[in-house]
Amino acid sequence: MNNSVISIKNMNKSYKDKHVLKDLNWEIEKGDIVALLGKNGAGKSTLIESIMNLRNYQSGELTIWGHQWKDLPQDNRDKIGFVAQDIAGFEWMQVHQFLNYLGSFFPNWDKDYCDELRSRWGIDEKQKVGDLSGGQTQILHVIQAMSIRPELLILDEPVAHLDPNMRRQFISELIELCCENETTVIFSSHIISDLERVANKVVLLMDGKIQMNYDIEELKSNIAHLKISSDKPLQQSEYYKQLRNWHAYAGGATAKLVFPMQQSIEEFVNNAPHTIEATPISLEDWYLEVSHESH
Amino acid sequence: MRAIKTSIWYLLIYNKLFLGVLSVFALFTMAVNILGQKTFFEAMGLILQLFIFLGVYLGGSLIKLKRNYLWKINNNYKNSILHGYFIILFLANLCFAPFLWKFSTISPLIIIMPFCISAFAAHLVLGKNVLYKIIIPAIPILLFQASKLGVGFNSVLLLIVVASIVLAMLMYKNIFYQYSEHKTTAEQQKANSVAFMTTGLNHKHLNKINGVIGVLVSKWIMYGKRNLDWAVLMPYSRLTFMTLFYVLFILFFLSITDDNIQKMIGTMTILILPNLFLGLVMESRNLLKQIKFFSHVFIGENHKQLKNRILLAMDKNMLINAIVYVGLILLMIKLLGINISLDTLITSMLVIIFVSLAIYPVFMCLSWINISVILILALFVYAAILYKTITWVSKNPELATTIPFVSGFIICCFLLRSITQYVFWQRSMESLLSNK
């Protein structure tokens with residue numbers, strides 16, 4: 001059975017002389033909770049808006065549940081929730097008007113669920129959209145997207161304006177709800193520390209391509225900070241060629257393993273010609289390392 | 001001096017589109033004054049209109065610069081901007097002084113009247129609340145009324161000059177300082193300029209008014225599934241408040257003028273109607289990005305269903321606004337007993353409505369934030385079609401209402417609409433959502 005929700009093949013998108021997406025290929029399967037990472041200007045929003053059919057791409061193929069946008073049945077369309085990065089608009093409406101109005105575009109709108117989410121995340125229904133803070137406006141848009149009980153939820157920087165406490169709680173609850181509803185989620189963010197707690201896949205968009213696409217648990221168990229002991233400063237030999245950020249010092253060298261290898265870290269350490277001490281590194285460190293590599 | 005020059009530059013480049021329109025208007029005013037032997041009222045009327053627009057424009061740029069905290073704490077910053085502001089007004093007035101010189105026998109003060117009127121008009125924008133926005137610009141109009149009480153024309157002009165000097169002093173004294181709106185995002189600035197150009201109100205005030213109306217109309221908002229009306233226009237425009245604003249403006253104009261000028265109502269109503277339509281288009285164009293939250297639910301290749309719904313919503317709203325406008329104008333003419341050829345007026349207004357409905361899908365494809373050759377060209381074509389048709393109608397009032405002409409005109413409008421609608425369909429959603 002084909003579990004593919006979104007399939008992108010050889011997508012190309014350029015703005016004047018800037019080639020943003022270059023022969024991009026990506027497959028997202030049902031139930032995936034994918035964190036899309038990339039530096040500013042990497043093309044995350046372009047990719048997300050291209051998936052949402054809001055931007056034209058020059059070549060390539062995009063299918064959602066096996067259909068191109070023009071053939072996508074109405075039922076499927078109604079099951080897609082979307083929160084754009086630019087959430088400006090409808091400032092004159094009150095929260096309940098905004099939700100009622102946007103709800104009128106979706107036949108599967110669940111008003112009770114919407115009210116539940118609104119009170120859960122503390123958004124006053126009488127408040128005007130224009131008077132909400134940046135973070136509250138983002139939450140409101142997420143509520144709107146969640147209230148259709150989507151099967152596919154696409155969020156472009158959904159928590160950028162939230163404070164750290166609220167962000168952690170909100171994103172955990174959001175993903176919990178998505179898991180309950182078996183929603184496939186794609187979300188882009190810069191706040192990597194939050195992503196590693198909730199996403200099951202991490203995807204890195206660099207140089208117009210999906211450069212890395214890992215299962216988060218698998219990735220975390222295959223990246224590490226390594227301390228290689230020796231009685232003299234060590235130069236990077238053939239065995240260590242996959243390590244990055246190599247620093248030799250009097251007692252050996254330190255380096256980082258940021259690209260998962262064929263063998264496990266344990267095997268790598270055991271087979272090494274020197275004594276190696278491996279300590280886990282955070283996803284944030286990993287991201288900084290790999291994005292620096294690209295730079 | 002360098003700071004003043006920089007201030008002049010920033011005051012002038014506030015909105016390139018508005019500046020472009022203003023420059024065209026200025027050239028037109030000069031051409032009319034050079035080519036035609038104008039009466040005092042005609043020449044003065046056109047120049048004063050130009051300076052009212054100039055005042056409003058400079059008011060818009062001044063308010064932007066006033067929002068910086070430096071305005072409050074740094075006198076050099078404040079003074080250089082205000083000097084720049086008055087220098088622009090003075091130089092503009094100087095350019096038109098030769099055209100007013102011939103009327104200096106009536107009163108020498110006429111020569112500096114554009115400067116004074118412009119300074120007052122700027123407070124349509126600069127006024128810190130609606131009361132200030134109304135009272136300050138109304139001062140010269142109220143002073144003109146003094147002539148009805150037997151005060152001499154020369155004295156009235158002197159009073160206006162004195163009042164404008166007081167106004168300038170108050171501006172330097174900083175009484176209209178605003179800091180609360182200091183943090184204005186680029187999006188708000190764009191919205192500000194469009195909101196201001198279409199309604200004369202800034203984004204913040206417009207949002208307040210729309211919020212109040214929004215509460216009143218909340219029950220209707222759910223009306224109709226997938227109804228785009230509330231997404232493509234603000235309640236202010238949807239419920240014809242913008243139209244009422246224009247009608248009130250005409251009514252106010254009529255109430256302070258005499259019988260001779262009242263005859264200008266025909267020209268005025270005809271001039272305002274396309275402006276009303278352009279206002280609706282500009283507002284909608286700026287709001288289109290709101291549809292990105294739900295555009296994916298509409299079917300059809302290249303978003304055809306969605307685009308048709310947008311046009312349907314616009315057609316509906318433009319027609320409602322037009323009906324209210326035409327109805328109120330006719331009612332006003334009847335109640336005030338103004339002697340004017342109603343047949344020609346009605347035919348002209350119908351021509352404007354049909355042509356506007358036929359051509360506006362092209363305007364929806366264009367950006368109204370920055371001036372472009374295509375935008376100027378489209379506006380020129382629109383104005384030329386209206387001018388030619390209305391001139392022909394006013395010269396041949398009887399022929400214009402015959403069946404062959406009417407059916408021919410309607411067919412032409414349908415053909416034009418088919419073309420413009422096709423252009424709109426072909427426009428990508430990406431470009432419609434972006435208003436750069």
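Computed from a prediction, not measured in an experiment: that's the story for all the values here.

Conventions we followed
Each chain has its residues counted from 1, following the order in which its sequence is written. Here the convention is simple: chains get letters from A, ligands get numbers from 1, in the order in which they are written. The predicted nature of this model means local features are confined to residues of pLDDT at least 70 and side-chain atom pairs, given and counted, to a pLDDT of 80 or more, with totals for whole chains, interfaces and linings taken over all residues. In short, DSSP must find at least two bridges between two strands for them to pair. Secondary structure elements are defined from DSSP: runs of H or I of at least 4 residues count as helices, runs of E of at least 2 residues count as strands, and each element is numbered from the N terminus. Only the stretch in contact is used when fitting a helix axis, every axis being a line fitted to C-alpha atoms; angles between N-to-C directions are given from 0 to 180 degrees. Think of it this way: build a C-beta for each residue from its backbone, and any pair within 7 Å is a contact. Any residue outside Ala, Val, Leu, Ile, Met, Phe, Trp, Tyr, Cys, Pro, Asp, Glu, Lys and Arg is labelled polar, Gly included; the first ten of those are nonpolar and the last four are charged. Every residue carries a pLDDT, the predictor's confidence in it, which falls somewhere between 0 and 100. For this analysis, nonpolar core means a set of buried Ala, Val, Leu, Ile, Met, Phe, Trp, Tyr and Cys residues linked through C-beta atoms within 7 Å. Burial in this document is a count-based property: other C-beta atoms within 10 Å of a residue's C-beta are tallied, and the residue is buried at 20 or more, exposed at 12 or fewer, or partly exposed in between, with C-beta positions derived from the backbone. This arc corresponds to the set of directions leading from the helix axis out to the C-beta atoms. Note on convention: near helix rotated counterclockwise from far helix by under a right angle means a left-handed crossing. Clockwise means right-handed.

S.K.: Give a detailed account of the sheet that holds strand β1 (residues 4-15) of chain A, specifying residues and quantitative values.
M.R.: All names here are of chain A. The 3 strands lie next to each other as β2-β1-β4, forming an open sheet whose pairing is antiparallel. Two strands bound the open sheet, and with one partner strand each, they are β2 (18-29) and β4 (59-64). Neighbour to neighbour, the strand axes of the sheet diverge by 15° on average, direction disregarded. In the sheet, β1 pairs with β2 via 8 bridges, with the strands oriented antiparallel. Residue pairing for β2: Ile 8 is matched across the bridge by Trp 26.

S.K.: Describe the interface of chain B and chain A, and please don't skip the residues or the numbers.
M.R.: Counting from both sides, the interface comprises 29 residues of chain B and, opposite them, 30 residues of chain A. Elements with a minimum of two residues in the side of chain B that touches chain A: α11 (203-216), α12 (218-221) and α23 (429-433) of chain B. It is α11(B) that contributes the most residues to the side of chain B that touches chain A, 5 residues altogether. Of the residues contributing to the side of chain B that touches chain A, the split by class is 12 nonpolar, 10 polar and 7 charged.

S.K.: Any chance you could break down the confidence of the model for chain B for me, citing the residues and the numbers?
M.R.: Summary statistics for chain B give a mean pLDDT of 81 and a share of 85% for residues scoring 70 or more. For chain B, per-element mean pLDDT is lowest for helix α10 (residues 186-199) of chain B, which scores 58, and highest for helix α22 (residues 403-426) of chain B, which scores 94.

S.K.: Can you tell me about the nonpolar core, naming the residues and giving the values?
M.R.: In this structure, Val34(A), Ala35(A) and Phe98(A) are the most contacted members of the largest nonpolar core, which totals 135 residues. Tallying contributions element by element places helix α19 (residues 342-365) of chain B first for this core, with 13 residues. Setting aside residues no more than four positions away along its own chain, Val34(A) makes contact with Ile28(A), Val185(A), Ile186(A), Ala199(A), Lys201(A) and Val203(A). In terms of nonpolar packing, the next biggest core, distinct from the first, is built from 37 residues, Ala43(B), Ile63(B), Phe99(B) and Cys116(B) among them.

S.K.: Run through the sheet that holds strand β11 (residues 244-249) of chain A, naming residues and quoting values.
M.R.: Residues and elements named next belong to chain A. Taking strand neighbours across the sheet as the criterion, the 4 strands line up as β11-β12-β10-β13 in an open arrangement whose pairing is antiparallel. Strands with a single pairing partner mark the edges of an open sheet, and in this sheet they are β11 and β13 (275-280). Shown here is a sheet whose adjacent strand axes are inclined to one another by a mean of 15°, direction ignored.

S.K.: Explain helix α4 (residues 111-120) of chain A to me, and be specific about the residues and the numbers.
M.R.: Residues and elements named next belong to chain A. Buried within α4 we find Cys 114, Leu 117 and Arg 118. Taken down its axis, α4 places every buried residue within 100° of arc, on the same side. In α4, the exposed positions angled more than 90 degrees off the buried face are occupied by Asp 112 and Ser 119. For α4, the elements touching its buried residues are α3 (95-103) and α5 (134-146). Positive phi shows up at Gly 122, right after α4, with a value of about 65°.

S.K.: How would you sum up the packing of α3(A) against α5(A)? Please name residues and give values.
M.R.: Residues and elements named next belong to chain A. Where α3 contacts α5, the two axes come as close as 10 Å, and the packing angle between them is 35°. The element α3 and its partner α5 pack so that their crossing is right-handed. From α3, Val 95, Phe 98, Leu 99 and Leu 102 reach across to α5, where they touch Leu 140, Ile 143 and Gln 144. Taken together, the residues that form the contact of α3 with α5 break down as 6 nonpolar, 1 polar and no charged.

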